[in-house]
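Each chain, written out:
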Amino acid sequence: MAVEFKENTAIVVFGASGDLAKKKTFPALFGLFREGYLSDTVKIYGYARSKLTTEELRERIKGFLKAKTDEAKTKIEPFLNLIHYVAGPYDQPDGFLELNKNIEEFEKERGVTEPHRLFYLALPPSVFVSVCAQLKKNVYAKNGITRVIVEKPFGHDLDSSRDLQKDLAPLFSEEEIYRIDHYLGKEMVKNLLVLRFGNQIFNASWNKDHIKSIQISFKEPFGTEGRGGYFDDIGIIRDVMQNHLLQALTLLTMERPVSFDPEAVRDEKVKVLKAFSPIDTQDILIGQYDKSEDGSKPAYLDDETVKPGSKCVTYAAIKLEIKNERWEGVPIIMRAGKALDAGKVEIRIQYKPVASGIFEEIPPNELVIRIQPDEAIYIKLNAKQPGLSTQTQLTDLDLSYNSRYKQFWIPEAYESLIRDALHGDHSNFVRDDELDVSWKLFTPLLNYLEGPDAPSPTLYPYGSRGPAHLADYLRNHGYTFGKPGVYQWPVTRPNNL
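Residues numbered from 1 in each chain as written. Predicted model: local features only at pLDDT ≥ 70, side-chain atom pairs only at ≥ 80, totals over all residues. Heavy atoms only, no water.

Considering the nonpolar core
Here's step 1: Judged by nonpolar contacts, the single largest core of 146 residues is most densely connected at Phe-14, Phe-26, Phe-79, Leu-121, Ile-237, Met-241 and Ile-318.
Here's step 2: Of the residues forming this core, the biggest block, ten residues, is contributed by helix α12 (residues 235-253).
Here's step 3: Apart from the residues lying within four places of it in its own chain, the contact partners of Met-241 are Ile-236, Leu-246, Ala-316, Ile-318, Met-334, Arg-335, Ala-336 and Phe-442. (Core = buried A, V, L, I, M, F, W, Y, C linked by side-chain atoms within 4.5 Å. Buried < 20%, exposed > 50% of the residue type's maximum accessible area, 1.4 Å probe, protein only. Helix = DSSP H or I, 4+ residues; strand = E, 2+ residues; numbered from the N terminus. Contact = heavy atoms within 4.5 Å.)

Okay, here's the thing in structure tokens:
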């Protein structure tokens with residue numbers, strides 16, 4: 001069970017001088033502080049190899065702290081005053097001993113008898129083990145609580161993931177490790193369990209008898225933008241599919257947990273992952289973005305940091321199948337790509353058509369869960385046209401968060417997850433066996449796409465919807481497209497692919 005957040009907690013951000021800490025970790029801590037969810041009794045330590053002073057670190061992150069109101073702006077300086085910087089190597093004890101000395105002085109000053117220390121590793125995986133070894137030896141809260149947040153990637157494939165876990169296991173227990181996947185902190189992903197199990201209208205129809213197909217899609221409107229050298233070794237599948245999208249999909253398809261206890265939730269996620277069939281490497285659609293049709297945007301291979309002739313996949317559509325009583329026979333399409341026509345992440349659940357007879361070509365119902373941007377849930381349904389006509393019209397029931405919940409503070413993903421870790425809540429973090437099963441599912445596909453006989457991805461124009469055969473691929477796997485012009489998602493969000 002979750003342990004309540006203790007006052008006088010020491011929070012250490014490793015990699016404090018890097019982009020992740022500057023743009024995500026420190027702003028998330030400030031967001032919690034600004035909204036009253038992080039006590040002013042905490043002490044925040046930044047640790048990195050860079051030779052900085054505490055004032056220089058504070059100045060570096062100040063511009064990334066979000067404060068829209070005058071009241072919020074008054075909280076910036078008090079937050080910055082909580083931060084102290086320690087410089088040191090990641091593989092030698094000197095800096096860690098200095099860090100521990102600082103923390104112990106803080107805890108002694110506050111009269112702490114049961115230390116609570118949270119370590120956030122905003123670091124590349126190459127230094128995870130050395131940092132954790134030094135932490136365990138020199139900064140571990142021996143008579144208190146230690147929690148370690150580890151950023152993805154958690155390995156490069158099944159073997160490297162197991163090697164990493166084997167190295168970390170002797171240092172920290174599974175209870176002490178928090179593998180962060182920020183998609184699990186997104187509002188609409190966290191809403192999936194309540195949406196499914198808290199509404200009988202959905203819960204009763206959430207199965208193969210009523211659902212025709214499921215899609216989960218991720219679209220980015222930009223390319224690698226000079227980061228191709230990094231992306232070339234990752235690809236779109238490792239970047240967002242094996243982790244972010246799969247996490248959302250497990251919550252969408254798992255069985256009802258016995259409670260909201262973190263381990264009960266994670267048990268069900270592992271169970272459904274084990275029911276996934278191996279991915280058919282001959283039933284996928286892969287692509288790589290080319291120049292835009294007007295020539296204004298470059299091709300992936302135009303990036304000078306990309307290996308010449310690279311077959312790196314920047315777009316993938318993958319069919320998944322779950323072999324259990326609930327989902328047998330329902331095609332699940334996971335698709336993701338860069339340099340597309342829009343930026344959004346959403347889940348589409350299309351229901352089976354109603355019986356024919358009085359209706360002709362009536363569109364199927366569809367539940368759409370928009371994860372980002374502009375969180376929304378809407379249901380496409382059929383209604384009679386107003387007036388004397390008996391013809392039907394496709395319309396929607398719309399829950400858009402930006403209009404319905406204007407008065408609510410909706411935390412960003414990192415804010416939500418750091419708070420969970422402070423409270424000892426593992427619900428929205430990845431467990432070791434869950435990680436292992438997910439890599440088992442995707443590693444054979446990655447080996448196929450990166451092996452000596454790897455297929456060449458189909459080129460698609462920068463700014464397009466993806467590879468030319470995408471619509472056919474979706475039709476062949478159960479998705480029914482509506483007639484052009486029949487339905488348009490209102491406001492500024494077009495109902496496109």
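Back to the write-up after that little detour.
Re helix α5 (residues 93-110)
Side chains three or four residues apart in an α-helix point the same way, a direct result of the helix having 3.6 residues per turn.
Here's step 1: Its 18 residues place the ends of α5 26 Å apart at the C-alpha level, agreeing with the 26 Å of an ideal helix rising 1.5 Å per residue.
Here's step 2: Taken together, the buried positions of α5 are occupied by Gly-95, Phe-96, Leu-99, Asn-100, Asn-102, Ile-103, Phe-106 and Glu-107. Looking straight down α5, one finds its buried side chains confined to an arc of 160°; they lie on one side. Opposite the buried face of α5, at more than 90 degrees from it, the exposed residues are Asp-94, Lys-108 and Glu-109. (Expected span 1.5 Å × (residues − 1). Arc of directions from axis to C-beta.)

Thoughts on the environment of Pro-444
Here's step 1: Residue position: Pro-444 is located in helix α16 (residues 432-450).
Here's step 2: Given a relative accessible area of 47%, Pro-444 falls into the partly exposed group.
Here's step 3: A sequence separation of 287 residues divides Pro-444 from Asp-157, and the C-alpha atoms of the two residues are 9.2 Å apart.

Comments concerning the pattern of salt bridges
Here's step 1: Within the structure shown, the criterion is met by 33 salt bridges.
Here's step 2: For the salt bridge of Lys-307 with Asp-232, the shortest nitrogen-to-oxygen distance reads 2.8 Å. Of this pair, Lys-307 sits in the loop between β8 (284-290) and β9 (315-320) while Asp-232 sits in the loop between α11 (228-231) and α12, and the two are 75 residues apart along the sequence.
Here's step 3: For Asp-232, a relative accessible area of 11% translates into the label buried.
Here's step 4: Between Arg-238 and Glu-450 there is a salt bridge whose closest N-O contact spans 2.6 Å. With Arg-238 in helix α12 and Glu-450 in helix α16, this residue pair connects regions lying 212 residues apart in the sequence. (Salt bridge = Lys/Arg side-chain N within 4 Å of Asp/Glu carboxyl O.)

Looking at the UniProt feature "domain: Glucose-6-phosphate dehydrogenase NAD-binding" (unreviewed entry) in the chain
Here's step 1: Summarizing the sequence annotation, UniProt attributes the feature "domain: Glucose-6-phosphate dehydrogenase NAD-binding" (unreviewed entry) to residues 12-191 in the numbering used throughout.
Here's step 2: Along residues 12-191, the helical share is 43% and the strand share 17%, with 30 Å between the first and last C-alpha atoms. (UniProt positions renumbered as here; feature names shortened; annotations may be inferred.)

With respect to the packing of aromatic side chains
Here's step 1: In total, this model carries 18 aromatic pairs according to the counting rule given.
Here's step 2: Considering the side-chain rings of Phe-14 and Phe-96, the 5.8 Å spacing of their centres and the 25° angle between planes classify their relative orientation as stacked. In this pair, Phe-14 sits in strand β1 (residues 10-14) while Phe-96 sits in helix α5, placing the two residues 82 residues apart along the sequence.
Here's step 3: Judged by centre distance (4.9 Å) and plane angle (85°), the rings of Tyr-479 and Phe-481 are edge-to-face.
Here's step 4: Look at Phe-481 and you get partly exposed, because its relative accessible area is 27%.
Here's step 5: Each residue in the set Phe-14, Tyr-47, Tyr-90, Phe-96 and Phe-119 is aromatic and connected to the rest through ring pairs, giving one cluster.
Here's step 6: The positively charged end of Lys-136 is found above the aromatic ring belonging to Tyr-140, 5.0 Å away from the centroid.
Here's step 7: Lying across the ring of Phe-172, Lys-136 places its NZ or CZ 5.9 Å from the centre. (Phe/Tyr/Trp six-rings, centres within 6.5 Å; stacked < 30°, edge-to-face > 60°. Lys NZ or Arg CZ within 6 Å of the ring centre and 35° of its normal.)

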